[in-house]
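Breakdown of the fold
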Amino acid sequence: MSECTNGELRDLLPELVNDRLDAESRQRVEAHVASCTECAEELALLRSLRPALMHGPAIDTARIAAAVRARSADIAGRPPARSGMGSRWHLAAAAATVLAVGALGYVTRKPGIVAPRSVPVHAPPKQVASAPPHVAPPHVAAPSTPTAVASFGVLDNVSDLSDDDVRTLTASLDELSPVPDVDPSPGIDPLGASLEDPSAGGR
Amino acid sequence: MTDHSPSEHAPDAALIAQWRGGEERAATALVERHAQAIARFVASLGEREEVEEVVQDTFVRAFGSLESFRGESSFRTWLLTIARNLLRDRQRRRTRARHHVAIQDDDLVSSSDALEGAVATETEQRLRAAVDTLSPMQRSIFTLRVTEGLSYKEIALAVGSTEGAARVHYHNAMRIIREKIDE
């Protein structure tokens, strides 16, 4: 078998197989392959390998897409949720809940009734924030205050909140997100090079 | 009747813009377009049992961080990078848990093990067997090059390596496969 003397064109064989060459480059590569036995054989091998390697694991793309939509609906940073009706609804719901809780607290504060103060006012946000980072239906991760409502102590505390505190609380509810902090960026390898193959020697 | 759904033939950038504008079906289109390639990549790195979970995590993470995607690489390359980082995290957790399913050179896990349900001809099985003799790094780079036609630069971004190393891996992989087939 004759040795290929044009490494540059030989290196473009995968692009040729995947139809990623412009017309001029494609013509050059094909002309080279026509006169190079080694590249002709390699091209034939690549064309055999590609369909064999294209068989991937069976995955349910519909389920994945549904999970993405469900999860993204809970992510505060997503533009549609931040600027659209969903965000405003969340804010309104949180504010309404806080106001309702406050009103109940006011009603229940009658002479002779001592409200316990065992539950801190910020308990609900903590519970939401500590939820596991797995995909969950939107209603699971959505900010809510049912646990807090169950306690007179919370009612009492919430009713004592100032307007600024209420705004801070509602803002924190709206900002809660299960999105991980780490955002992998191309070209940045924050976790080291454990995948690197030391045998390559190409660095 | 013409279907004006956002999917089909729109470029990635257009679908991402639609998603940012609140069009949820754009996410479906992007998932359908890239999920299988991400799954192949994940399997090529030796992940066997949780390929779909890793792919799902990749997309969830990507869409959750889409604001930080500036298009400096292709969307697929970005997804591959995220998938690789997720796999590395899993590898670390498994290592800590002493259930060692490592992504290392001496790990001869067969990517074919993950190809449940795939019907392969005898020729395809022989070719795949040859590919399975590669190290995970060689296998992933070779797979990205052959099935996606990614450039060495794109591959380097995806696997956290360099263009030069990716080129060396690819040519070493090609040499090994040719030797195996000629045996």
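The preceding data block contains the structure.
Regarding the overall build of chain A
If you tally the helices and strands in chain A, you get 12 helices and zero strands. Tracing chain A from N to C terminus, the helices and strands come up as α-α-α-α-α-α-α-α-α-α-α-α. Within the span of chain A, comprising 203 residues, buried residues form 35% of the whole. Taken as a whole, chain A presents about 11,400 Å² of accessible surface, with 58% of it coming from carbon and sulfur.

So, the state of the cysteines
All chains considered together, the criterion is met by zero disulfides over all chains. Of all cysteine sulfurs, the one in cysteine 39 of chain A lies closest to cysteine 36 of chain A, which takes part in no disulfide; the gap is 3.6 Å.

With respect to the packing of helix H3 (residues 23-35) of chain A against helix H4 (residues 37-54) of chain A
Two packed helices can be described by the angle between their axes and the distance between those axes. All names here are of chain A. Put simply, H3 and H4 touch, their axes get as near as 5 Å, and they point 110° apart. Relative to H4, the element H3 is oriented roughly perpendicular. The hand of the H3/H4 crossing is left-handed. When H3 is examined against H4, the residues His32, Val33 and Ser35 are found in contact with a partner set consisting of Thr37, Cys39, Ala40 and Leu43. Grouping the constituent residues of the contact of H3 with H4 by class yields four nonpolar, three polar and no charged.

Quick word on helix H7 (residues 152-159) of chain B
Residues and elements named next belong to chain B. Buried residues dominate H7, accounting for six of its eight residues. The set of residues buried in H7 consists of Tyr152, Glu154, Ile155, Ala156, Ala158 and Val159. Those residues of H7 hidden inside the fold are in contact with helix H2 (25-44), helix H4 (75-96), helix H6 (136-148) and helix H8 (163-182).

About the thresholds
- Residues numbered from 1 in each chain as written.
- Chains lettered and ligands numbered in written order.
- Predicted model: local features only at pLDDT ≥ 70, side-chain atom pairs only at ≥ 80, totals over all residues.
- Heavy atoms only, no water.
- Helix = DSSP H or I, 4+ residues; strand = E, 2+ residues; numbered from the N terminus.
- Buried < 20%, exposed > 50% of the residue type's maximum accessible area, 1.4 Å probe, protein only.
- Areas by Shrake-Rupley, 256 points an atom, 1.4 Å probe, with all protein chains shown as cover.
- Disulfide = S-S within 2.5 Å.
- Axes fitted to C-alpha atoms, helices over the stretch in contact; angles between N-to-C directions.
- Parallel < 35°, antiparallel > 145°, perpendicular 65-115°, else oblique.
- Left-handed = near helix turned anticlockwise from the far one by under 90°.
- Contact = heavy atoms within 4.5 Å.
- Nonpolar A, V, L, I, M, F, W, Y, C, P; charged D, E, K, R; others polar.

That is the geometry; function is a separate question.
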